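Geometric and topological summary
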Amino acid sequence: MSKHSEPRADEDWWTIWPEVLDAELAEFARLGIAPRTIHKGSGILILEADWPVDGQSVPMLLRIGYSPLHPFFRPAVAAPNESFERHQNPLSRELCLLTQESGQWDSNQLVAAFVQERLNHLLRALNARRESRWDDAAKLEEQAADPLMPYFAGASEEDSVILFDGHAPLPPAPHGLLEVVCSGRFSSTNQAAFEGVLRQLKTSSGAAIGKWFGFPTEPQDAQVVTGRWVKFTPPATTDARELLRLAEAELARQAVMQPASVRKVNEAARGPLSITGIVFPEEVKYGPQKNGAGWLFLVTRPALADGTTAGAPRLVLGERAGKDDVFSRLPIAKSLLTKKAVVVGAGAIGSFSGLELARAGVGELTFLDFDMVQPGNSLRWQLGRSAWGRGKASALVKFIADNYPWTKACFIPGRLGQPTINAAAIAPGSGNALAPVFDALRGADVVVDASASEEVQLALSHYCKRFGVPYVVGHATYGVAGGLVARFLPDAEGCFVCLNEHWKDKRIPEPRVDNVGMVIPLGCNAPTFTGGGFDLQEISLEIVRTVVGLLSEGNCHPGSWAVAVLTLKNEDGSRTLPRWEAHSCPPHPRCCGAS
């Protein structure tokens, strides 16, 4: 058969494999079920069936949607007339017959057999919960929380969000005031998009409830908006108007007993940006109790230029963004939040290393760099066009402040060790030119040297040993044929000079070099090496793993080696898989090992 006579790849799966559809329908018949076709076309097949359930006289109506990529992907199964407390999307009524983990769906299993098997399993789990047989339920169901909030995500306003501390408990009062720090957000589709931070809950009289929440820095355009909140569990609807009506109705019900209190919170919602928060008991950890607080936010704005938002409430997504929420996926971050790192050199390797350390949760970062970001740097630098023409260190510090609020970042400008011949430029009575650098080194828990300068490496390794600070150095070779990451602890017998002496003696291999990999870009006054960030990041990531291991207080093993040599190219210049070789660095007789 010629290539062009084969079925088109975008044809419906039942057209490409009619025998698969026949087998699917035959399995329904084997179970004594006659499905009805609701939709068949455009790659979508939806069936409806009255499903017999043991112990029930009336069958359960199920709606079964086949994936357009059947049989590779799992089907969707909904019970539109049922309302289960768990394992069901309260909005779409879709059942959770499988966990979200990859590999749960067996593409060889027919859908009717799959439904029969998993539906019975789900109903047994629900019965165990209903009868308070929690141990039995735990054996039958995934031991993960089933929160309500995520189900509303798809119906929320695009690009807007209100952040809150996910570990804050459910407030004891039935209603009150809330303070939200709001700032605008760029959006190509929503000119009213914003980020809000739920800073404080209050009673109607203004007394604080719970802890204050916020980030160390706030956007320059931030403004504080006072809104209202009310406590009740919302029904399964994404209609913002209906949710706001229900919030008003709940407040009216509470006003029977507390009229003055409710009047105060309602007055707070009459500003140009009106925010109403609905807080409810939320299951945040697996168990029989709802042990946390969930939030939905309704926002009403004045009319925009297009007039589409006037008076129309919008559902805004709430996201948990407390420190414990952010770092829950990286437990070792808790041991890094109090640590300080100095990164010398904010170039192709230092920029990636510094931002990865911020992402990992290192509490304080200080950058030392003198260079500017050029457009040509973007191929192997962390940030793009927004940083062109700015100082590398200052651009990184701003990016960290905007995106990683739990890391405090700063920079020391200037070229490390730069001499001067202009005495007039030295301010009278000024201190030692290296005082800011030495203060940063003394206060650091680790120093990362990504300068790729032998002068800087020799000086920094000397002073780090003198100040008792771990020293981690990393660089690439010409043409990014190889690279190095080495660490020297204050109490180590060998040092960076020892490593250089071992290189001279060929006792430790030097990283491979590609002398062809040099270029002088148009308009530049010095040659630079060729290579992209996709190779250089091999070195940056090993630097970060080394630093995390040193700072994590035993929670992450730093490795038993002192020197790691990377090879990215073979001797003939052809590419090879990244290959690391580990070496120790004993004291050299011409340096630390001299008698």
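Up top is the structure.
Residues numbered from 1 in each chain as written. Predicted model: local features only at pLDDT ≥ 70, side-chain atom pairs only at ≥ 80, totals over all residues. Heavy atoms only, no water.

**Considering the overall build of the protein**
Of the regular secondary structure elements, the protein holds 13 helices and 22 strands. If you line up the protein on its principal axes, its C-alpha atoms span 90 × 75 × 50 Å. Burial analysis of the protein (595 residues in total) assigns 45% to the buried set. Restricting to contacts in the protein with at least 6 residues of sequence separation, those with at least 24 account for 62%. By element, 53% of the accessible surface of the protein is carried by carbon and sulfur atoms, the whole surface being about 30900 Å². For the protein, the distance from the average site of its 58 positive side-chain charges to the average site of its 65 negative ones is 5 Å. (Helix = DSSP H or I, 4+ residues; strand = E, 2+ residues; numbered from the N terminus. Buried < 20%, exposed > 50% of the residue type's maximum accessible area, 1.4 Å probe, protein only. Contact = heavy atoms within 4.5 Å. Areas by Shrake-Rupley, 256 points an atom, 1.4 Å probe, with all protein chains shown as cover. Lys, Arg positive; Asp, Glu negative; His and termini not counted. Charge placed at Lys NZ, Arg CZ, Asp CG, Glu CD.)

**Describing the environment of C591**
Positionally, C591 belongs in the segment after strand 22 (575-583). Distance from C591 to Q382, taken between C-alpha atoms, is 37 Å for residues 209 residues apart in sequence. Apart from the residues lying within four places of it in its own chain, the contact partners of C591 are C495, V497 and C498.

**Examining the sheet that holds strand 2 (residues 44-51)**
With antiparallel pairing, the four strands of this open sheet are ordered in space as 1-2-3-4. If you trace the sheet from one side to the other, it starts and ends with strand 1 (36-41) and strand 4 (76-78), each paired once. On average, each strand axis in the sheet is inclined to that of its neighbour by 15 degrees, with strand direction left out of account. Where strand 1 meets strand 2, five bridges bridge the pair, whose relative direction is antiparallel. What sits directly across from K40, in strand 2, is L45. Strands strand 1, strand 2 and strand 3 (60-66) of the sheet are contacted by helix 2 (residues 18-30), whose axis makes an angle of about 10 degrees with strand 2. (Pairing = 2+ DSSP bridges. Axes fitted to C-alpha atoms, helices over the stretch in contact; angles between N-to-C directions.)

**What to know about the sheet that holds strand 16 (residues 446-449)**
What the eight strands build is an open sheet, ordered 15-14-13-16-17-18-21-22; its pairing is mixed. Both edges of this open sheet fall to strand 15 (408-413) and strand 22, since each of them pairs with a single strand only. Direction aside, neighbouring strands of the sheet carry axes that sit 15 degrees apart on average. Bridge count between strand 16 and strand 17 (residues 471-476): three bridges; the pairing is parallel. When the sheet's bridge partners are listed, V447 is paired in strand 17 with Y471.

**As for a nonpolar patch on the surface**
A contiguous nonpolar surface patch, about 350 Å² in accessible area, is contributed by L69, F72 and F73. Mapped onto the elements, F72 comes out in the loop between strand 3 and strand 4. (Patch = residues over 30% accessible without salt bridge, like charges linked within 9 Å, V, L, I, M, F, W, Y side chains within 5 Å. Salt bridge = Lys/Arg side-chain N within 4 Å of Asp/Glu carboxyl O.)

**Details of the side chain of K392**
Mapping K392 onto the fold places it in helix 9 (residues 392-403). In contact with K392, not counting residues within four places along its chain, are A346, G347, D369, D371, M372, V373, N377 and W381.

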